[in-house]
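So you can see what is in the structure, the chains are spelled out below.
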Amino acid sequence: MFKIGNFVLYLFQKGVEAEKRAISFLSKLRNELQTDKPVTPLEDELPDATLWNEYLDYQRNLSNGNGEPSWFQSPWLYIECYMYRRIHAALAQNPPIDNFDVFKEGKAQNFFESQGAIIALCTYFQELLKNIKDLDEKQLQEEFFKLLQVSLWGNKCDLSFSAGEDSSQKSSPLQCLEDMVPFILVNDMEKLWSLLINAKNRKTDKCKVRVDIILDNAGFELVSDFVLADFLLSSKLADEVHFHGKSIPWYVSDTTKNDFNWTIKQLQAANHMWMSRCGINWEGNLKKGVWVYHDHMFWTLPHDFSSMAEVAPDLYADLQKSNLLLFKGDLNYRKLTGDRKWEHTVPFHQALNKFHPAPLCSLRTLKSDTQVGLKPGQGEEIQASEPEWMISGKYGVVQFDAAL
Ligand SMILES: O=P(O)(O)OC[C@H]1O[C@](O)(CO)[C@@H](O)[C@@H]1O
Ligand SMILES: [Mn+2]
C-alpha cells in the first residue's frame with residue numbers, strides 16, 4: 001500500500017514537472033509571436049521536423065534578403081500551421097503528457113453542445129435507412145443533396161475560427177437547408193451526383209467505388225460527415241469510404257484518430273436509440289473494412305497540396321485510387337488553392353496548380369479571403385453589401401474539379 005502511494009506521488013511529481021516545462025515552452029512561443037521574432041527551426045526530433053526546417057529554408061530563399069521570415073511578415077498559412085506545430089512540440093517531447101491533446105476538452109464540449117442537432121440528424125438518417133432500398137434515382141439524389149448540404153454547413157462549427165468560443169450546432173441541421181441554397185456560391189452538387197450515379201451504374205464486381213473524405217473538424221461536423229459516408233454505402237453509391245484525419249492536434253478542432261474513435265464510442269453509448277444505432281453501425285463499418293481511417297503527416301505540414309506529389313508521393317498515389325475526394329473545410333480550401341489572392345473568376349482547376357490525383361470537391365464555408373471559380377461580377381456584388389462575406393462563414397461552396 002505504502003509502495004503504491006510512493007509510486008503515485010512519483011508519477012504526480014513527474015507530471016507537474018512536465019507541465020511546468022510545457023508552460024514555459026508555450027510562454028516562450030507566445031513571446032516570439034507577440035514581438036514578431038524570426039521563425040526558428042524546430043529543435044525536436046519528431047519525424048516531420050526535417051521537412052519543417054527545409055520549408056523554413058524555402059521561405060528564407062523566397063524573402064530574398066528582405067529579412068528573416070517572422071511571425072508578422074511571413075505568409076499567414078505558413079505561420080498559422082507553424083504555431084500549431086510548435087504547440088504540439090511543447091507537449092510531444094514531454095512525457096508523461098506527451099500524448100495530451102490540449103484541444104480535447106473544447107472538441108468534446110462542441111460534441112455535447114450539439115447533442116440536439118446530432119439526435120435530429122441520426123433520427124432522420126435511421127428513418128431514411130428503413131426504406132432506402134425502395135427509393136428511385138430521383139429520390140436518392142434528393143437525399144444525397146440534403147446530406148451533402150448538412151455536411152457543408154456542418155463546417156460552420158469549428159473552434160479555431162471562433163477562437164475556441166462556442167460554435168456548436170444548435171438548430172436542427174435539416175430544417176433550413178432550402179433557405180440556405182442562395183448562400184452556396186458555387187454549387188456543383190449535380191456534377192457530383194452524375195459522377196457517383198454513373199460509377200454505380202457502370203460498376204462490376206471487380207471494381208469498387210471508393211470515396212475519400214479529407215476530414216476537418218470534430219464535433220457536429222464529423223457526425224455530419226459520418227452520416228454522408230454511411231449514406232454513400234447504404235445507397236450503394238460507394239463500396240468503401242476512406243477518411244483522412246490529422247496525426248497531431250491541429251487548428252483547435254480538427255479530427256485526430258482519437259477524436260474519430262471517441263466520437264463513434266460516444267454515439268454508441270448515447271442514451272438515445274438512433275444515436276446509439278448510428279455508433280454501432282459505424283463501428284461495424286470500420287470492422288468490416290468498408291470504412292477506413294488514415295492519417296498522414298503531410299496534412300499537418302505547411303505545404304499546399306500542389307506539393308503533395310513531390311513531398312508525399314505515397315499519399316498522392318493513395319488518393320489516385322479514389323473515385324472522388326471530398327475536401328472538408330476552409331483550411332483544406334486554402335491549401336488546395338495555395339492560399340493566393342486569386343481573381344475570383346480564376347477557374348478552380350487552374351488554382352489547383354496541377355493537384356489532380358482524382359476528381360475532387362471542396363465542401364467549405366468561407367472563413368478566409370481566397371475564393372475562385374465565381375462568375376464575373378459575383379464576388380463584387382456581394383462585397384458591395386457584405387464586406388465580411390469571405391470571412392463570416394455565412395457563405396459556402398460545393399466546388400468540383402473533374403481532374404486531368
Ligand atoms: O476548420 P476550417 O473550416 O478549416 O477553418 C479554419 C479556419 O479558421 C482559421 O484558423 C481562422 O479563421 C483559418 O485560418 C482557417 O482557415
Ligand atoms: Mn478545422
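Residues numbered from 1 in each chain as written. Chains lettered and ligands numbered in written order. Predicted model: local features only at pLDDT ≥ 70, side-chain atom pairs only at ≥ 80, totals over all residues. Heavy atoms only, no water.

## Comments concerning the overall build of the protein
So, step 1. Counting its regular elements, the protein contains 16 helices and seven strands.
So, step 2. The C-alpha radius of gyration of the protein comes to 22 Å, within 12% of the 22 Å expected for a compact globule of 404 residues.
So, step 3. Projected onto its principal axes, the C-alpha coordinates of the protein cover approximately 65 × 65 × 45 Å.
So, step 4. Taking all 404 residues of the protein together, the buried fraction comes to 54%.
So, step 5. Roughly 19,000 Å² of accessible area belongs to the protein as shown, and the carbon and sulfur atoms make up 54% of that amount. (Helix = DSSP H or I, 4+ residues; strand = E, 2+ residues; numbered from the N terminus. Rg over C-alpha atoms; globule rule 2.2 N^0.38 Å. Buried < 20%, exposed > 50% of the residue type's maximum accessible area, 1.4 Å probe, protein only. Areas by Shrake-Rupley, 256 points an atom, 1.4 Å probe, with all protein chains shown as cover.)

## Description of the packing of aromatic side chains
So, step 1. Inspection of the entire model under this criterion finds 34 aromatic pairs.
So, step 2. Geometrically, the ring pair formed by Phe298 and Trp299 is edge-to-face, given 6.2 Å between the ring centres and 70 degrees between the ring planes. For the pair shown, Phe298 and Trp299 are each scored as buried.
So, step 3. Ring pairs connect the aromatic residues Trp52, Tyr55, Tyr58, Trp71, Tyr78 and Tyr82, which therefore count as one cluster.
So, step 4. Against the face of Trp262 rests Lys104, its NZ or CZ located 3.9 Å from the ring centre.
So, step 5. The lysine or arginine in question, Arg334, covers the ring of Trp76, its NZ or CZ lying 3.7 Å from the ring centre. (Phe/Tyr/Trp six-rings, centres within 6.5 Å; stacked < 30°, edge-to-face > 60°. Lys NZ or Arg CZ within 6 Å of the ring centre and 35° of its normal.)

## Looking at the pattern of salt bridges
So, step 1. All chains considered together, the criterion is met by 26 salt bridges.
So, step 2. Its salt-bridge partner being Lys328, residue Asp225 comes within 2.6 Å of it at the nearest N-O pair. Of this pair, Asp225 sits in helix H9 (residues 220-234) while Lys328 sits in strand E5 (residues 324-328), placing them 103 residues apart in sequence.
So, step 3. Among the residues examined, Lys328 registers a relative accessible area of 1% and is labelled buried. (Salt bridge = Lys/Arg side-chain N within 4 Å of Asp/Glu carboxyl O.)

## Looking at the pairing of strand E7 (residues 396-401)
So, step 1. Extensive coverage of E7 is indicated by the burial of six of its six residues.
So, step 2. In E7, alternate side chains face the same way, and those of Gly396, Val398 and Phe400 on one face and Val397, Gln399 and Asp401 on the other are all buried.
So, step 3. Sheet topology note: the strand E6 (residues 360-365)/E7 ladder contains six bridges and is antiparallel. Bridge pairing in E7 places Thr365 opposite Gly396. (Pairing = 2+ DSSP bridges.)

## What about helix H16 (residues 378-385)?
So, step 1. Every buried residue belonging to H16 is among Gln378, Gly379 and Ile382, and all of these are buried. Take H16 and look down its axis: the buried residues cluster within an arc of 95 degrees, on one side only. Summarising the geometry of H16, the exposed residues directed more than 90 degrees from the buried face are Glu381 and Ala384.
So, step 2. Buried residues along H16 sit in contact with strand E1 (184-187). (Arc of directions from axis to C-beta. Contact = heavy atoms within 4.5 Å.)

## Digging into the environment of Leu233
So, step 1. Mapped onto the elements of the fold, Leu233 is located in helix H9.
So, step 2. Judged by its relative accessible area of 16%, Leu233 is buried.
So, step 3. For the pair Leu233 and Trp291, spaced 58 residues apart in sequence, the C-alpha to C-alpha distance is 9.3 Å.

## Details of the packing of helix H6 (residues 137-154) against H9
So, step 1. The geometry of H6 relative to H9 is characterised by a closest axis approach of 8 Å and an angle of 160 degrees between their N-to-C directions. In terms of orientation, H6 lies roughly antiparallel with respect to H9. When you trace H6 past H9, the crossing you get is left-handed. Here Leu140, Glu143, Phe144, Leu147, Leu148, Val150, Ser151 and Gly154 of H6 come into contact with H9, specifically with Phe220, Glu221, Ser224, Asp225, Val227, Leu228, Phe231 and Leu232. (Axes fitted to C-alpha atoms, helices over the stretch in contact; angles between N-to-C directions. Parallel < 35°, antiparallel > 145°, perpendicular 65-115°, else oblique. Left-handed = near helix turned anticlockwise from the far one by under 90°.)

In short, geometric facts, not functional conclusions.
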